[in-house]
Amino acid sequence: METYPAEKIVHLIEKWIGSAHRHGVFLKDNKLRYVWANEAFLHDVGMKNLDDLKGKTDRDMPWPDLAYSIEEQEKQLFTGQINFLDDEETRAKKDGGKLIAKIRRRPIFNSDGETIGLMGFYFRYPDRSEEDNPFFLESFPLPTSIFDLKEDVLSGNRPFIETVGALKKKEKYQFFSFLKSLDDTKDQLSGISVCLGEREYVCFSNTFTDYKIATLVDFTEQARTNNELTKANEWLKAWIWELEYHNRKLEIIHQMGCALQLCRSVADAGTVIKKHLPRLIEAAGGTLFLPDETRQRLPILVSFGDNSNLKKSMPAEDCIAFRYGRLLSPQENTCYRCLSSSENRNFSCLCLPMMVSGRPEGVLSLRLEPTEVSESIEKELLTIATEYISLAIGNLQLQDQLMLQATRDPLTNLFNRRYMEESLNREFFRCQRKGLPISLILIDIDFFKLVNDRYGHDAGDFVLKTFAGYLLKSIRKEDIACRYGGEEFVVILPETPLEAAMVRAEHLRKNVMISSIEYRGEIITDITVSMGIATWPLHGEDPISCLKAADLALYRAKEEGRNRVVVANAEHVENNGKSYLNIENNPSLLNRH
């Protein structure tokens, strides 16, 4: 038998099942070779991707001892000796465990009625519930088929396979040609009669892009068939409505995902989420909690709907969904710790943890109202939306972390030298455009080497962190405090004249001088600082010349006895707007202790 192109088989099934279903699903061609499987099947056989699986047979799987019997049964399926295979099997898994499951196999036909492949899926023990069937047609009791109009291949549920299995080859070919030629605009509501063997059926069909769904109702017994016709019509219309609903919601999720990719901060992502989530699901309200830096509390990032009964923050240990990292359905969720009061509730809560690399990084809590849409569809849509949100929030948090590492000094949490250089140029040019002054304060901790020698480098680090705290408390929000290197610091004071900079520097110097630092039971006293001040346009025409002027002023403060504030002398500054001085090449300006 000639091998049929595997892409035709995969095209029929992959769209309707997808790769994320929890039950194992696989496809084989007419040579009994695997051509596709979902993630659950790949996990059971220990393979990472489809390329590892394609072209393999059961002899290459973890159950080679069962390969011969499986191949013999599947050959009977291809030759038409049997119409379907429904077995309970025990198979070995790649990780050494056992897979005990109900295994279902269904043939896939081409438009000539030939069997060109098979689809298989299984339900694991002890969870053998078939309510969540990966092949949705299996849940319908009437013979129902799905026809791929683009690839001319089709398959169906067990009642359909049993029906066509009793047909001769010519009858089967005629029947498949009939299915392909059905005109949905005329026949989907009233149906059309078709004779198969000795029985008569009414066929209802509907087309979705390249796919046609057809359902057969046995019309042999008139009284029974009239009732089945009504139920089939209602089921088909309900299923079409749910499918259209599902597609509309997926489009909203797609739009939200595109908008999240454009966000530059977690706050921006919160705005996008607040805009799109109410469109996705009918809810009385919803809240997105993200953990703080300590991961001890869950403050609100964003919320929508009625939030009158909502806490602004809650302990992380109180949230079961965050603690255990799994979805909590309304039946499971009994804590309601995010609510200030659980009285007079006319809604249920659905809590979805946002997992990033297997770790909960937030919780989406929804207060749901009763809807006509099935709970399984809502959960599926919300799970997809939560994955989008989790990925976006995780990426933004990683960007923030990388930005923090690139711009902050890890010891003092002040801005680092790179950020200082970028900010210095930016703030200088901004003040120059406005015609406003800008001041620089260059600070050095006096005799810092003696602190390291006497108390140890750990104490020296503690002094640096403590001084950074003093520095941050003494400046405005728009000022920029940076660690320049070692025990030297730079403060950029935009729109600040020389007199104001002197007052602020002197205030900081006095606070440091009268302060004492306790470290591990020892009191570190006599900590003083020396400062040099330069202001544009008095002491330089560009950022580098002003920085050099402040550095020379700091050098004079050291020479004159330390613990003082010195203003740069304008007559000592060489103003050259086109040259940039590399202060690092002047050791005498750096190694002052």
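Throughout what follows, the structure given in this document is the object of discussion. (Residues numbered from 1 in each chain as written. Predicted model: local features only at pLDDT ≥ 70, side-chain atom pairs only at ≥ 80, totals over all residues. Heavy atoms only, no water.)

**What to know about the overall build of the protein chain**
Inference 1: Scanning the protein chain from N- to C-terminus turns up 16 helices and 22 strands.
Inference 2: Per-residue burial for the protein chain yields a buried fraction of 49% across its 593 residues.
Inference 3: For the protein chain, restricting intrachain contacts to residue pairs at least 6 apart in sequence, the fraction spanning at least 24 positions comes to 57%.
Inference 4: Of the roughly 29,600 Å² of accessible surface on the protein chain, a fraction of 49% belongs to carbon and sulfur atoms. (Helix = DSSP H or I, 4+ residues; strand = E, 2+ residues; numbered from the N terminus. Buried < 20%, exposed > 50% of the residue type's maximum accessible area, 1.4 Å probe, protein only. Contact = heavy atoms within 4.5 Å. Areas by Shrake-Rupley, 256 points an atom, 1.4 Å probe, with all protein chains shown as cover.)

**A few points about helix α4 (residues 67–79)**
Inference 1: Over its 13 residues, α4 runs 18 Å from end to end, which matches the ideal 18 Å to within 8%, given 1.5 Å per residue.
Inference 2: Each element contacted by the buried residues of α4 is listed here: β1 (24–29), β3 (85–92), β4 (98–110) and β5 (115–124).
Inference 3: Gly80, located one to two residues past α4, shows a positive phi value of around 85°. (Expected span 1.5 Å × (residues − 1).)

**Remarks on the packing of aromatic side chains**
Inference 1: Enumeration over the complete set of coordinates arrives at 15 aromatic pairs.
Inference 2: Centre to centre, the rings of Phe109 and Phe176 are 5.5 Å apart; their planes meet at 50°, and the pair counts as tilted. Of the two residues, Phe109 sits in strand β4 while Phe176 sits in helix α6 (residues 169–181), which places them 67 residues apart along the sequence. The exposure classification of Phe109 matches that of Phe176, with both residues buried.
Inference 3: Both rings, one in Trp235 and one in Trp239, keep their centres 6.2 Å apart while their planes meet at 15°; by these two values the pair is stacked. In this pair, Trp235 and Trp239 are both assigned in helix α8 (residues 222–261), four residues apart and thus about one turn of the helix distant.
Inference 4: Among the aromatic side chains, those forming a connected cluster through ring pairs are Phe26, Tyr34, Phe41, Trp63 and Tyr122.
Inference 5: Stacked on the ring of Trp63, the Lys or Arg Arg91 has its end atom at 4.4 Å from the ring centre.
Inference 6: The ring of Phe415 has Arg408 sitting right over it, with the charged end atom 3.9 Å from the ring centre. (Phe/Tyr/Trp six-rings, centres within 6.5 Å; stacked < 30°, edge-to-face > 60°. Lys NZ or Arg CZ within 6 Å of the ring centre and 35° of its normal.)

**So, the sheet that holds strand β16 (residues 438–445)**
Inference 1: Spatially, the five strands line up as an open sheet ordered β17-β18-β16-β21-β22, and their pairing is mixed. Each end of this open sheet is capped by a strand with a single partner; those strands are β17 (480–485) and β22 (565–567). In this sheet, neighbouring strand axes are inclined to one another by 20° on average, regardless of whether the strands run parallel or antiparallel.
Inference 2: Judged from the five bridges that link them, β17 and strand β18 (residues 488–494) form a sheet pairing that is antiparallel. Looking at β18, one finds that Arg483 is bridged to Phe489. (Pairing = 2+ DSSP bridges. Axes fitted to C-alpha atoms, helices over the stretch in contact; angles between N-to-C directions.)

**A word on the packing of helix α12 (residues 417–434) against helix α16 (residues 543–559)**
Inference 1: In the contact formed by α12 and α16, the axes pass within 10 Å of each other and the chain directions differ by 110°. Compared by their axis directions, α12 and α16 come out roughly perpendicular. Along its contact with α12, which presents Leu424, Asn425 and Phe428, the element α16 presents Pro543, Cys546 and Leu547.
Inference 2: Looking at the contact of α12 with α16, its residues break down into five nonpolar, one polar and no charged. (Parallel < 35°, antiparallel > 145°, perpendicular 65-115°, else oblique. Nonpolar A, V, L, I, M, F, W, Y, C, P; charged D, E, K, R; others polar.)

**A short note on the pattern of salt bridges**
Inference 1: Overall, the coordinates contain 28 salt bridges when judged by the stated rule.
Inference 2: For Glu74, the salt bridge is made with Lys28, and the minimal N-O distance between the two is 2.9 Å. One end of the pair, Glu74, is in helix α4; the other, Lys28, is in strand β1, and 46 residues separate them in sequence. Considered together, Glu74 and Lys28 belong to a single accessibility category, that of buried residues.
Inference 3: Across the salt bridge formed by Arg476 and Glu478, the nearest N and O atoms sit 3.6 Å from each other.
Inference 4: The partly exposed category is assigned to Arg476, whose relative accessible area is 27%. (Salt bridge = Lys/Arg side-chain N within 4 Å of Asp/Glu carboxyl O.)

**Brief notes about the side chain of Asp479**
Inference 1: As for its position among the elements, Asp479 is in the loop between α14 (457–473) and β17.
Inference 2: Apart from residues no more than four positions distant in its own chain, Asp479 is found in contact with Ile492, Leu493, Pro494 and Arg504.

**What about the environment of Arg417?**
Inference 1: Along the chain, the position of Arg417 falls in helix α12.
Inference 2: Sequence separation of Arg417 and Tyr484 is 67 residues, and the distance between their C-alpha atoms is 5.2 Å.

**Overview of helix α9 (residues 266–280)**
Inference 1: In this model, α9 (15 residues) spans 20 Å end to end at C-alpha, consistent with the 21 Å of a helix rising 1.5 Å per residue.
Inference 2: Taken as a whole, α9 has its buried residues at Val266, Ala269, Gly270, Val272, Ile273, His276, Leu277 and Leu280.

**Describing unusual backbone geometry**
Inference 1: A cis amide bond links Trp536 to the next residue, Pro537, at an omega of 10°.
Inference 2: Mapping Pro537 onto the fold places it in the loop between β21 (529–536) and α16.
Inference 3: The residue Leu32 is not glycine, and still its phi comes out positive at about 65°.
Inference 4: Structurally, the position occupied by Leu32 is in the loop between β1 and β2 (34–37).
Inference 5: Leu32 sits in the buried class, given a relative accessible area of 9%.
Inference 6: Its identity is not glycine, yet Phe447 carries a phi of approximately 50°, on the positive side.

**A closer look at the layout of surface pockets**
Inference 1: Taken as a whole, the second largest pocket holds about 530 Å³ of empty space.
Inference 2: Together, 17 residues line the second largest pocket, and Glu293, Gln397, Leu398, Asp400 and Gln401 are the ones closest to its centre.
Inference 3: Considering every element that reaches the lining of the second largest pocket, the biggest residue donor is helix α11 (residues 375–407), with nine residues. (1 Å grid on protein atoms, 1.4 Å probe; cavity = no way out; pocket = protein on both sides within 12 Å on 5 of 7 lines; lining within 4 Å. Points joined across faces, edges and corners; volume = space filled by probe spheres on them.)

**Overview of the nonpolar core**
It is characteristic of soluble globular proteins that their nonpolar side chains tend to be buried jointly.
Inference 1: Core analysis: the largest hydrophobic core is formed by 30 residues, its most contacted members being Leu260, Leu366 and Ile389.
Inference 2: Broken down by secondary-structure element, the contributors of at least two residues to this core are α8, α9, β12 (297–305), β14 (348–356), β15 (359–368) and α11.
Inference 3: When residues of this core are assigned to their parent elements, the largest contribution, seven residues, is made by α11.
Inference 4: With near-sequence residues (within four places) excluded, Leu260 lies in contact with Ala269, Val272, Ile273, Tyr388, Ile389 and Ala392.
Inference 5: With 29 residues, the next largest nonpolar core counts Phe467, Ala481, Val512 and Ile524 among its residues. (Core = buried A, V, L, I, M, F, W, Y, C linked by side-chain atoms within 4.5 Å.)

**What about empty space enclosed by the protein?**
Inference 1: Evaluation of the coordinates by the stated rule reveals two cavities of 30 Å³ or more.
Inference 2: Of the volumes computed, that of the second largest cavity is approximately 50 Å³.
Inference 3: Lining the second largest cavity, in full, are Ile441, Ile443, Leu471, Ser474, Ile475, Val491, Leu493, Arg504, Ala505 and Leu508.
Inference 4: At the level of secondary structure, the elements contributing two or more residues to the lining of the second largest cavity comprise β16, β18 and α15 (498–513).

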